[in-house]
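Listed here are the chains, written in short residue letters.
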Amino acid sequence: MRSASTLWRMASLFIVLAMSVQAWAADKPAPAAATKRIQGRVTYGSPIAKITVTLDGAVKKTVKTDDDGQFVFSDLPAGDYTLEAKGIAKNNYRKGSAKVTVPEPPKQLAAVTIKLE
């Protein structure tokens, strides 16, 4: 049989350990929400680079298309958005638009093609 002082020490150690685990769990950050995004391409017969694409909805952002006419908007809440593309294509100023819905989980991506007129 163990002595009272040994049992007291073991109980104290258990309490300190339990409090440490609880403090660690409280400091642990909550899991990050999955990143939702809109990914797309701007075309005028073929993909067009350097077109300004503006996102309007719960979040407002602007990006330029890359050399392949592609663009991405990240870190978006689910919801409805309007995209507007403007710029020079085939030596003339052109524009186009599209509506897109960023889905609720588990889907994380909304894909769209904007055709310039």
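What this report covers is the structure whose coordinates are included nearby. Worth saying up front: this structure is predicted, and the values here are computed from it rather than measured. (Residues numbered from 1 in each chain as written. Predicted model: local features only at pLDDT ≥ 70, side-chain atom pairs only at ≥ 80, totals over all residues. Heavy atoms only, no water.)

The subject of this paragraph is the pattern of salt bridges. Scanning the entire structure with this criterion turns up 2 salt bridges. A salt bridge links E84 to K86; the shortest N-O distance between them is 3.2 Å. A residue is classified by how much of its surface remains accessible, and E84, at 36% relative accessible area, is partly exposed. Taking the relative accessible area as the measure of exposure, K86 reaches 33% and is therefore partly exposed. (Salt bridge = Lys/Arg side-chain N within 4 Å of Asp/Glu carboxyl O. Buried < 20%, exposed > 50% of the residue type's maximum accessible area, 1.4 Å probe, protein only.)

So, about the sheet that holds strand 4 (residues 61–64). Reading across the sheet, the 4 strands line up as 4-3-6-7 and stay open at both edges, with antiparallel pairing between neighbours. Looking at which strands have only one partner, the edges of the open sheet turn out to be strand 4 and strand 7 (92–102). Across the sheet, the axes of successive neighbouring strands diverge by a mean angle of 20°, strand direction being ignored. Where strand 3 (residues 52–56) lies against strand 6 (residues 79–89), 5 bridges are found, and the strand directions are antiparallel. Each bridged residue has a counterpart across the sheet, and for D56 the counterpart in strand 6 is T82. (Pairing = 2+ DSSP bridges. Helix = DSSP H or I, 4+ residues; strand = E, 2+ residues; numbered from the N terminus. Axes fitted to C-alpha atoms, helices over the stretch in contact; angles between N-to-C directions.)

Strand direction decides the pairing type here: strand 1 (residues 37–44) and strand 8 (residues 109–115), joined by 7 bridges, are parallel. Following the sheet pairing, V42 is matched in strand 8 by I114. Bridge count between strand 1 and strand 5 (residues 70–73): 4 bridges; the pairing is antiparallel. Looking at strand 5, one finds that I38 is bridged to F73. Sheet topology note: the strand 1/strand 2 (residues 46–47) ladder contains 2 bridges and is antiparallel. Looking at strand 2, one finds that T43 is bridged to P47. What sits between strand 1 and strand 2 in their antiparallel hairpin is a turn of 1 residue, with G45 showing a positive phi close to 85°.

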